[in-house]
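Summary of structural features
In case you want the letters, here they are:
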Amino acid sequence: MKKTTLFMVSLTLLFLVSCGSGGDSGGTSVGNKLKAPSANSIYFGAFPDFGGSEDVVSQARIEGFQNLVGKKIAWAYFSQNWYKGIVYPQAHIHAIHNSGSVPFVRLMPRSDEIQGHAERHFSLQNIINGNFDDALKTWAQAAIADNIPLLVDFAVEPNGDWFGWSGVLNGGAKTDGYGDPDYPDGPERYRDAYRHIIDLFRAEGAKHITWFFHFNYASYPSAAWNKPKNYYPGDNYIDWIGTSLYGAQTTSEEWTGLAFSTQLETYASDAKAVSSTKPMALLEFGVTDHHSEGSKSAWLDDAFMTILSNPYIDFDAISPWHENWENEDGTYSTLRLDSSHETLATYNKWIVNERFVSALRF
């Protein structure tokens, strides 16, 4: 998600259930990967108001969100910001696990939350070079000792132009600065950095982590070198594919052309080109309320109708983004599901559908 904010009140929808208990694993974890849901079911997950930094995790916040929407979440999504240390977030993971949901960790290699500039310290190249190997190995060892099944993604939305790990900020379309002279440097650096992390975790014996590759549904810039498939670490590394798809996020952003169904059709070929075999999750979606050009409730109606029946993408999981924040110009982005009575009623109308399930299969 691209944000330019002064203050953020964050909350993401993700459906989670308890899967395994903590305990000594004897130096390696039991293989426990997330499977696709059965039949035509769709997992329901969330980011349940974990604050502007996306890491203020508590059982109370999870329970508050579930009470709001009237349904249990299968997983709870939160960010592990590396500027606070590359340290296994045990307290957050236990809070989610104890609530009956599965922890979903976003590894965010950033020195601050300011967007639009290249990351210097936790750069993709520094990850590839092994600068953080010791910390990452310790993270993996702590996760193995805890032995709680985890869902993990790394450096989300790399085909956008806002995060410091974006391809456009790490070599872009150039091919003479890193690696394969026939491969764009930006996507290649990202791919290799993610592979490096997974290789480290595997070498330590972590078998209970389901790895997600999370791209933005539309690429910025929309150029051949920046397509999501170029960032993909490969089917032998990744277990699930995930994406973000948003409508207008501010009241000044153009509404036209950003309907959920319109975007899903427009970029479907890019999404399907990533992998033909892995389950697909809609890890983030939403739209601001109180826009002069359109209705949030109508946007959500279109989104859910499309999710439940469309010829383009079969989603195996969804997690609407539930957050409000203040923008630099003093306006507010209101993506929370309770931004109005109408919006919440629309959401609740759809989420009771029996296809949206809370129980994960491992």
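Structure first, text after, so check above.
A few points on the structure.

Parameters at a glance
- Residues numbered from 1 in each chain as written.
- Predicted model: local features only at pLDDT ≥ 70, side-chain atom pairs only at ≥ 80, totals over all residues.
- Heavy atoms only, no water.
- Salt bridge = Lys/Arg side-chain N within 4 Å of Asp/Glu carboxyl O.
- Buried < 20%, exposed > 50% of the residue type's maximum accessible area, 1.4 Å probe, protein only.
- Helix = DSSP H or I, 4+ residues; strand = E, 2+ residues; numbered from the N terminus.
- Pairing = 2+ DSSP bridges.
- Right-handed = clockwise from strand over helix to strand, strands pointing away.
- Contact = heavy atoms within 4.5 Å.
- Axes fitted to C-alpha atoms, helices over the stretch in contact; angles between N-to-C directions.
- Parallel < 35°, antiparallel > 145°, perpendicular 65-115°, else oblique.
- Left-handed = near helix turned anticlockwise from the far one by under 90°.
- Nonpolar A, V, L, I, M, F, W, Y, C, P; charged D, E, K, R; others polar.

Tallied over the full model, the rule gives twelve salt bridges. The partner of R191 in a salt bridge is D192, with the nearest N and O atoms 2.9 Å apart. Like D192, R191 is buried. With a closest N to O distance of 3.0 Å, K349 and D301 form a salt bridge. One end of the pair, K349, is in helix α9 (residues 341-351); the other, D301, is in helix α8 (residues 296-308), and 48 residues separate them in sequence. What you see here is one network of salt bridges that share partners, running through D49, R61, R336 and D338.

Counting buried positions over the seven residues of strand β9 (residues 280-286) gives seven, a clear majority of the element. The pairing of strand β8 (residues 240-246) with β9 spans six bridges and is parallel. In the sheet register, I241 faces β9, and the bridge partner there is M280. Bridge count for β9 against strand β10 (residues 317-318) is two bridges, and the pairing is parallel. Paired with A281 across the strands is A317, a residue of β10. Once the chain exits β9 it traverses α8 before rejoining the sheet at β10, and the crossover so formed is right-handed.

This paragraph deals with the environment of I128. Looking at the secondary structure, you find I128 in helix α3 (residues 124-128). A sequence separation of 61 residues divides I128 from R189, and the C-alpha atoms of the two residues are 7.8 Å apart. Setting aside residues up to four positions removed in sequence, I128 forms contacts with Y178, R189, D192, A193 and H196.

So, on to the packing of α8 against α9. One can describe the packing of α8 onto α9 by two numbers: an axis separation of 9 Å at closest approach and a directional angle of 10°. By the criterion of interaxial angle, the relationship of α8 to α9 is roughly parallel. When you trace α8 past α9, the crossing you get is right-handed. On α9, the residues touching K296, S297, L300, D301, F304, M305 and L308 of α8 are E342, T343, T346, Y347, K349, W350 and I351. Residue composition of the contact of α8 with α9, grouped by class: seven nonpolar, three polar and four charged.

Let's shift gears to the pairing of strand β7 (residues 209-216). Within β7, eight of the eight residues are buried, leaving the element largely enclosed by the surrounding structure. Side-chain alternation along β7 places I209, W211, F213 and F215 on one buried face and T210, F212, H214 and N216 on a second face that is also buried. Across four bridges, the pairing between strand β6 (residues 150-154) and β7 is parallel. Residue V152 lies in a different strand from β7, and its bridge partner there is W211.

Residue P221 is bonded to the preceding Y220 through a cis peptide linkage, with omega at 0°. Relative to the helices and strands, P221 resides in the loop between β7 and β8. Not every positive phi belongs to a glycine, and D49 is a case in point at roughly 55°. By the secondary structure assignment, D49 is in the loop between β3 (42-46) and α1 (59-69). Taking relative accessible area as the criterion, D49 reaches 17% and is therefore assigned buried. Phi at E157 takes a positive value of approximately 55°, unusual for a residue other than glycine. Looking at where E157 falls in the secondary structure, it is placed in the loop between β6 and α5 (185-204). The buried category is assigned to E157, whose relative accessible area is 0%.

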